[in-house]
2 protein chains.
Amino acid sequence: MTLGMTVSTTKSAKARRPQRYDGADNRRAVLDAALTVFADLGFEAASTRAIAAAAGLEQGHLAYYFPSKAALWQQVVEAFAREGEDLLRAALEGDDLSRPEQTAARVLPGLLRVFARNPRLTRLMLQEFSVHSPRHQWVVDTFGAPVWRLLEPLFAALRAHGRLSGAPPAVAYFNLVGAALITFGNRDLILRLAGCDTGEEATVDAAIAYILGPVLAPAP
Amino acid sequence: MTLGMTVSTTKSAKARRPQRYDGADNRRAVLDAALTVFADLGFEAASTRAIAAAAGLEQGHLAYYFPSKAALWQQVVEAFAREGEDLLRAALEGDDLSRPEQTAARVLPGLLRVFARNPRLTRLMLQEFSVHSPRHQWVVDTFGAPVWRLLEPLFAALRAHGRLSGAPPAVAYFNLVGAALITFGNRDLILRLAGCDTGEEATVDAAIAYILGPVLAPAP
DNA sequence: AATCGAGTTTGTCAATTGACCAAGTCGGGT
DNA sequence: ACCCGACTTGGTCAATTGACAAACTCGATT
């Protein structure tokens, strides 16, 4: 399921049916294969040949769609990561934070569920949190900073209303992010080590409830 | 401070003072420089030339102490990571877990403080949590699994005593690990983004208290 | 002073890698 | 039938990299 293959796709809507060459379809296949390989191996260790092979193409072909490996990586992240930020922006639109705990209860579980649903993307983000790379700054500027700017008022309001156990907003926020990235980005490891499947629906719910506990609960 | 230089080291205790060649000293310098470069760039992106340069030596010289780049990496982790596991093992020795919340309050803050004190090593661990590499299995076998085996009874007992907000022990454990790795492994990022210094003593205390809140607090 | 050997440098090598290009394939419009 | 152009392949290239080895530097031993 990980590598989208050109052949079997049925695009019955439109009349166009090129049996053999379908650029748009192969482009998607490359993006999907690249997400898998990047998530598994990391940017450096993921060779363009391995990505092409996972997509069922030749290495030289990648250059047709993507000017460079770095550009491919960037488009992979953009293609899959917008969801979270858009969801967040829409959910916070026009909220005056007069009842921050209600806002948080409405917004944050959905955000965490985005991570749980996209383990490959979650790993990709985790990688950029663990290495100083030319891509690190880009991720921070493009996603990290905007998301934090979006959520900082919420976390500040939460603390002002006696949540977060009195911790600084940033501490609570990065606690949440770290817990989510590790928990949902390491399903295989956690399953192997502890026999606990963090991809399973019930466990996802339990994990989200646990992560958000100190955020949503009133101070003792 | 990051690169230990051979020259200036004053070893006034012993009589030995080889002005120019000091193998053991340079070996330490390489390990320290390697820790820095590996933590910053990740294993693949960290070239042996960069490591040698950071240690003030030539690339070819590394082979004198370490048979390969992978072996160097492994010795770096071993040299710096034993502290945590040993501390944990000693602290849990002979504990019958009849009062798990007391045990946790005695043991876990110290464990988290090991992460806070060693940001470079923390980043290194974070990297191996985010990539499937030949080193991943080794870290899991050598540190991940033993530590989990050590702590699993404690977390199981905590839950049996009404802590963890009813979450599975593994969820609570990896929540803790993820929060610690991200919080203490990204001091620069968090400082830049949110103006919060997770290397500062007071913030470390606040973060540890926050992370351990659900672990130590009784169920509502 | 001659030798020894741990420590260190310099130069080289094969392998891998990302970028690039010239040629080829194929469906569709003319 | 023919060509056009989107799409795809296979091969090449320069750069980087980890490993390796031969030569060099000294302090210490004899």
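From a predicted model like this one, the values you see are computed outputs, not experimental measurements.

Participant: Lay out the interface of chain B and chain A in plain terms, naming residues and giving numbers.
Facilitator: Tallying the contact residues gives 48 residues for chain B and 48 residues for chain A. Taken together, the connections running from chain B to chain A amount to zero salt bridges. Listing elements by their share of the side of chain B that touches chain A, those giving two or more residues are helix H1 (23–41), helix H6 (119–128), helix H7 (134–160), helix H8 (169–185), helix H9 (187–194) and helix H10 (201–216) of chain B. Of the residues assigned to the side of chain B that touches chain A, the class counts are 30 nonpolar, 13 polar and five charged.

Participant: Can you break down the packing of aromatic side chains residue by residue, with the values?
Facilitator: As enumerated under the stated definition, the model contains 20 aromatic pairs over all chains in all. Measuring from ring centre to ring centre gives 6.3 Å for Trp148 of chain B and Phe174 of chain B, while their planes differ by 35°; the resulting arrangement is tilted. Note that Trp148 of chain B is positioned in helix H7 and Phe174 of chain B in helix H8, a separation of 26 residues in sequence. A relative accessible area of 5% means that Trp148 of chain B is categorised as buried. Three or more aromatic residues joined by ring pairs form one cluster here, namely Phe38, Phe43, Trp73, Trp138 and Phe143 of chain A. In this structure, Lys69 of chain A is placed above the aromatic ring of Phe43 of chain A, and the distance from its NZ or CZ to the ring centre is 4.5 Å.

Participant: Tell me about the relation of the copies chain B and chain A, and name the residues and values.
Facilitator: Between the two copies, chain B and chain A, the superposition gives an RMSD of 0.0 Å; the rotation angle is 180° and the shift along the axis is 0.0 Å. Viewed as a symmetry operation, the transformation between the two copies matches a two-fold axis. A share of 100% of interface residues in chain B that are also interface residues in chain A marks the association as one of identical surfaces.

Participant: I'd like a rundown of the pattern of salt bridges, residues and numbers included.
Facilitator: Counting across every chain of the model gives 22 salt bridges over all chains. Between Asp32 of chain A and Arg120 of chain A there is a salt bridge, with its nearest N and O atoms 3.2 Å apart. A residue pair is termed long-range when its members are at least 10 positions apart, and Asp32 of chain A in helix H1 (residues 23–41) and Arg120 of chain A in helix H6 (residues 119–128) qualify at 88 residues. Exposure remark for Asp32 of chain A: the relative accessible area of 16% places this residue in the buried category. Here Glu201 of chain B makes a salt bridge to Arg113 of chain B, at a shortest N to O gap of 3.5 Å. Separated by 88 residues along the polypeptide, Glu201 of chain B in helix H10 and Arg113 of chain B in helix H5 (residues 100–117) bring together distant segments of the chain. The exposure class of Glu201 of chain B is exposed, given its relative accessible area of 53%. Since its relative accessible area comes to 26%, Arg113 of chain B is described here as partly exposed. A single salt-bridge network, built from bridges that share partners, covers Glu78, Arg82, Glu85 and Arg89 of chain A.

Participant: Residue-level account of H1 of chain B, with values.
Facilitator: Taking 1.5 Å per residue as the helical rise, H1 of chain B with its 19 residues ought to reach 27 Å, and the 26 Å between its terminal C-alpha atoms agrees with that figure. Of the residues trailing H1 of chain B, Gly42 of chain B is marked for its positive phi of about 85°.

Participant: Run through unusual backbone geometry, naming residues and quoting values.
Facilitator: Residues and elements named next belong to chain A. Positive phi, normally seen in glycine, also occurs at Leu97, with a value near 60°. Examined against the element boundaries, Leu97 turns out to sit in the loop between helix H4 (69–92) and helix H5 (100–117). At Ser165, a position not held by glycine, the phi torsion is positive, near 50°. Turning to its location among the elements, Ser165 is positioned in the loop between helix H7 (134–160) and helix H8 (169–185).

Participant: Before we move on, can you summarise the packing of H8 of chain A against H8 of chain B with the specific residues and values?
Facilitator: Two elements in contact, H8 of chain A and H8 of chain B, have axes whose closest approach is 7 Å; the angle formed by their N-to-C orientations is 120°. When the axis of H8 of chain A is compared with that of H8 of chain B, the two are oblique. Handedness of the H8 of chain A/H8 of chain B crossing: right-handed. The residues of H8 of chain B that touch H8 of chain A, namely those facing Phe174, Asn175, Gly178, Ala179, Leu181, Ile182 and Thr183 of chain A, are Phe174, Asn175, Gly178, Ala179, Leu181, Ile182 and Thr183 of chain B.

Participant: Could you give an account of the confidence of the model for chain A, naming the residues involved and the relevant values?
Facilitator: Considering every residue of chain A, the mean pLDDT works out to 90; 90% of them sit at 70 or more. Predicted confidence is poor over residues 1–19 of chain A, with pLDDT under 50, and the contacts of this stretch with residues over four places away or in other chains come to 18 contacts.

Participant: Tell me about the environment of Ala46 of chain B, and please be specific about residues and values.
Facilitator: Residues and elements named next belong to chain B. Within the element layout of this structure, Ala46 appears in the loop between H1 and helix H2 (48–54). Placed 12 residues apart in sequence, Ala46 and Ala34 show a C-alpha to C-alpha distance of 8.5 Å. Ignoring sequence-local partners within four residues, the contact set of Ala46 consists of Val37, Phe38, Leu41 and Lys69.

Participant: Talk me through H10 of chain B; I want residue IDs and the actual numbers.
Facilitator: Here H10 of chain B spans 21 Å end to end across 16 residues, near enough to the 22 Å set by a 1.5 Å rise per residue. Where H10 of chain B bends most, at Tyr210 of chain B, the angle is about 30°, and the proline Pro214 of chain B comes one to four residues later. Within the sequence span of H10 of chain B, burial applies to Thr203, Val204, Ala207, Ile208, Tyr210, Ile211, Leu212, Pro214 and Val215 of chain B. Elements that come into contact with the buried residues of H10 of chain B comprise H8 and helix H10 (201–216) of chain A together with H5, H7 and H8 of chain B.

The rules we used
- Residues numbered from 1 in each chain as written.
- Chains lettered and ligands numbered in written order.
- Predicted model: local features only at pLDDT ≥ 70, side-chain atom pairs only at ≥ 80, totals over all residues.
- Heavy atoms only, no water.
- Contact = heavy atoms within 4.5 Å.
- Salt bridge = Lys/Arg side-chain N within 4 Å of Asp/Glu carboxyl O.
- Helix = DSSP H or I, 4+ residues; strand = E, 2+ residues; numbered from the N terminus.
- Nonpolar A, V, L, I, M, F, W, Y, C, P; charged D, E, K, R; others polar.
- Phe/Tyr/Trp six-rings, centres within 6.5 Å; stacked < 30°, edge-to-face > 60°.
- Buried < 20%, exposed > 50% of the residue type's maximum accessible area, 1.4 Å probe, protein only.
- Lys NZ or Arg CZ within 6 Å of the ring centre and 35° of its normal.
- Least-squares fit on C-alpha atoms with pLDDT ≥ 70 in both.
- Expected span 1.5 Å × (residues − 1).
- Axes fitted to C-alpha atoms, helices over the stretch in contact; angles between N-to-C directions.
- Parallel < 35°, antiparallel > 145°, perpendicular 65-115°, else oblique.
- Left-handed = near helix turned anticlockwise from the far one by under 90°.
- pLDDT = per-residue confidence, 0-100.
- Bend = angle between axes of the 7 residues up to and from the residue.

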